[in-house]
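Letter by letter, the chains look like this.
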Amino acid sequence: MPASTRHPAAEPRDPGRPPGAHAFGPGDLRGHPVIELLQARARAGSSPGERADGHVLALAIEGGGMRGVVSAGMTAALDALGLQQTFDLVVGVSAGASNGFGLLAGIGTGSALTYLDGCTDGRFIDVRRGLRRRGPVMDLDHLLDDLVLGSDDERARRALACGVRFAVVATDVRTTLATTLEGMGSRAELRAALKASSMVPGIAGERASVGGRDYVDGTVAESIPYRAATTAGATHVLVLQTRPFGVGLRPPSWPERVLVGRALRRANPALVERYAGRPERYAVAVDELAARTADGAGPPFLATIRPRAGTPPVRHLEQQRAPLLAGAIGGVRALHLALHGREPWVDGGLRVT
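Residues numbered from 1 in each chain as written. Predicted model: local features only at pLDDT ≥ 70, side-chain atom pairs only at ≥ 80, totals over all residues. Heavy atoms only, no water.

Undergrad: Hey, could you run me through the overall build of the protein chain in this one?
TA: Regarding its fold elements, the protein chain presents 13 helices and 10 strands. For the protein chain, the C-alpha radius of gyration of 19 Å lies close to 20 Å, the compact-globule estimate for 353 residues. Here the C-alpha coordinates of the protein chain stretch approximately 60 × 40 × 40 Å along the principal axes. Classification of the 353 residues of the protein chain by burial places 54% in the buried group. Of all intrachain contacts in the protein chain linking residues separated by at least 6 positions in sequence, the fraction that spans at least 24 positions is 73%. Across the protein chain, the 42 positively charged side chains and the 35 negatively charged ones have centroids separated by 5 Å. (Helix = DSSP H or I, 4+ residues; strand = E, 2+ residues; numbered from the N terminus. Rg over C-alpha atoms; globule rule 2.2 N^0.38 Å. Buried < 20%, exposed > 50% of the residue type's maximum accessible area, 1.4 Å probe, protein only. Contact = heavy atoms within 4.5 Å. Lys, Arg positive; Asp, Glu negative; His and termini not counted. Charge placed at Lys NZ, Arg CZ, Asp CG, Glu CD.)

Undergrad: How do you make sense of the packing of helix α2 (residues 68-80) against helix α13 (residues 321-340) when you look at a structure like this?
TA: When two helices pack together, their arrangement is captured by the angle between the axes and the distance separating the axes. Remark: α2 packs on α13, axes separated minimally by 7 Å, with the N-to-C direction vectors making an angle of 45 degrees. In this view, α2 runs oblique relative to α13, as classed from their interaxial angle. Viewed along their axes, α2 and α13 form a crossing whose handedness is right-handed. Contact residues: Val69, Val70, Gly73, Met74, Ala77 and Leu78 in α2; Leu324, Gly327, Ala328, Gly331, Val332, Ala334, Leu335 and His336 in α13. In terms of residue class, the contact of α2 with α13 is made up of 10 nonpolar, four polar and no charged. (Axes fitted to C-alpha atoms, helices over the stretch in contact; angles between N-to-C directions. Parallel < 35°, antiparallel > 145°, perpendicular 65-115°, else oblique. Left-handed = near helix turned anticlockwise from the far one by under 90°. Nonpolar A, V, L, I, M, F, W, Y, C, P; charged D, E, K, R; others polar.)

Undergrad: Would you take a moment to explain the packing of aromatic side chains for this structure?
TA: Given two aromatic rings, one states the distance between the centres and the angle between the planes to describe the pair. On inspection of all chains with the given rule, the structure shows zero aromatic pairs. Over the face of the ring belonging to Phe245 we find Arg306, whose NZ or CZ atom lies 5.0 Å from the ring centre. (Phe/Tyr/Trp six-rings, centres within 6.5 Å; stacked < 30°, edge-to-face > 60°. Lys NZ or Arg CZ within 6 Å of the ring centre and 35° of its normal.)

Undergrad: What am I meant to see in helix α3 (residues 95-104) here?
TA: Within an α-helix, residues lying three or four positions from one another point in the same direction, as the helix has 3.6 residues per turn. A large share of α3 lies buried, amounting to 10 of its 10 residues. Every buried residue of α3 is listed here: Ala95, Gly96, Ala97, Ser98, Asn99, Gly100, Phe101, Gly102, Leu103 and Leu104. With its phi angle positive at about 80 degrees, Gly106 sits one or two positions after the end of α3.

Undergrad: Quick question: what am I supposed to make of the confidence of the model for the protein chain here?
TA: Do not read the fine detail of predicted coordinates wherever pLDDT is low. A residue-level look at the protein chain finds 93% of positions with pLDDT of 70 or above and a mean pLDDT of 89. This model gives residues 1-22 a pLDDT under 50, and the stretch forms 39 contacts once residues within four places in sequence are excluded. (pLDDT = per-residue confidence, 0-100.)

Undergrad: How do you make sense of the nonpolar core when you look at a structure like this?
TA: In a soluble, globular protein the nonpolar side chains are often hidden away together inside. The biggest cluster of nonpolar side chains holds 85 residues, and the ones touching the most others in it are Leu59, Phe87, Phe166, Leu238, Ile305 and Leu350. Sorting elements by how many residues they give to this core places α13 first, with nine residues. Not counting residues up to four positions away in its chain, the partners in contact with Leu238 are Val34, Ile35, Leu38, Ala58, Leu59, Ala60, Phe87, Ala303 and Ile305. Core analysis: the next-biggest nonpolar cluster, separate from the first, contains 20 residues, Ala60, Ile224, Tyr226 and Val286 among them. (Core = buried A, V, L, I, M, F, W, Y, C linked by side-chain atoms within 4.5 Å.)

Undergrad: What should I look at first to understand the pairing of strand β7 (residues 213-217) in this one?
TA: Here is the key point about a regular strand: its side chains alternate between the two faces of the sheet. Summarising the sheet, strand β4 (residues 165-172) and β7 pair through three bridges and their orientation is antiparallel. Along β7, the bridge assignment pairs Ala170 with Asp217. Here strand β6 (residues 208-210) folds back onto β7 in antiparallel fashion, the turn holding two residues, of which Gly211 has a positive phi close to 60 degrees. (Pairing = 2+ DSSP bridges.)

Undergrad: I would appreciate a short explanation of the pairing of strand β2 (residues 57-61) in the present structure.
TA: For β2, the tally of buried residues reaches five of five residues, placing the bulk of the element in the interior. Across five bridges, the pairing between β2 and strand β8 (residues 236-240) is parallel. Residue pairing across strands places Leu59 opposite Leu238, the latter belonging to β8. Pairing geometry for β2 and strand β3 (residues 89-93), over four bridges, is parallel.

Undergrad: I tried to follow the environment of Arg278 on my own but got confused; where do I start?
TA: Tracing the chain through its elements places Arg278 in helix α12 (residues 278-295). The class of Arg278 is buried, set by a relative accessible area of 15%. For the pair formed by Arg278 and Glu222, sequence separation is 56 residues and the distance between their alpha carbons is 8.0 Å. Once residues within four sequence positions are removed from consideration, Arg278 is found in contact with Thr219, Val220, Ser223 and Leu249.

Undergrad: Help me out: how do you make sense of the pattern of salt bridges in this one?
TA: Between side chains of opposite charge, a pair can form when the charged atoms approach closely. Within this structure, the stated rule accounts for 22 salt bridges. Among the salt bridges present, the one from Arg41 reaches Asp88, with a minimum N-O distance of 2.7 Å. Here Arg41 is found in helix α1 (residues 33-44), whereas its partner Asp88 is found in the loop between α2 and β3, with 47 residues between them in sequence. When its relative accessible area of 2% is taken as the criterion, Arg41 is described as buried. Taking the shortest distance from any N to any O, the salt bridge between Arg213 and Asp172 comes out at 2.8 Å. (Salt bridge = Lys/Arg side-chain N within 4 Å of Asp/Glu carboxyl O.)

This is the structure we're talking about:
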């Protein structure tokens, strides 16, 4: 990354903070360069491709299966606040890619509520189906065609026409590296990219092809796609994380190692090592994001939003509505805390009062 410099807007705004303290603690990000740019654009009503500020503001969204309900709550809040057009680029990985699409298609709250209802009726996730070898544990075709993209082209049309660049991160089977897929121009191309980003080996299938290359789930190589955003030219990145403060990425369980490991080994044995190294890479990424958020330095300027410490984490294959609703509400509240300095009351429809 380029050498860090301090942005004028990063100076502490709270006179109660002691001299030398970090300007931005976890949660409240008012005054952070990323938040100030987002809010300035919202006040100005500027549109992508027609800005005069010279910056590139990106939204980077973590995935995580059903834990994506947390970042879906955050994108629902962004949508409700009318902030979609403040971004120049949205980058998502796995479930975060679907949430990013939902934001650009104007169905942010609908995307979040889909986790609670559409994803818990046994059609999308069915562990017994996988154990009995009657199909994958995760049915991505049902997810994409019936829940994310919808049955017609309307959502895809809105997302492609909104003017915000959309990209997803997938893991290249041959190189084992994170690859950014963008430039999608149709529903079919969006579907192919979203499927590649979400293809959890052994759980959702084997691999997905885009443009003659094979891919698996983007989180195998990059769980939080902020580096993809800066590589794509972002000067300011708002990062949405799905794990609460203090919760890391645990090593895979024995069933995960068996199911995922076998599928990865069939695709490319080098992917097994890449998958095994995820917890360590995740910890490095989280530490970097925390440090860069706290000091407000850049460019690129990085600001991460995640649920407060002590919030129960959502499980990857969670099927109970109550913890999913709690996860979505936690996402909405975390977004409001970051932008407005307070956690609002949120009802079961994700409405804020």
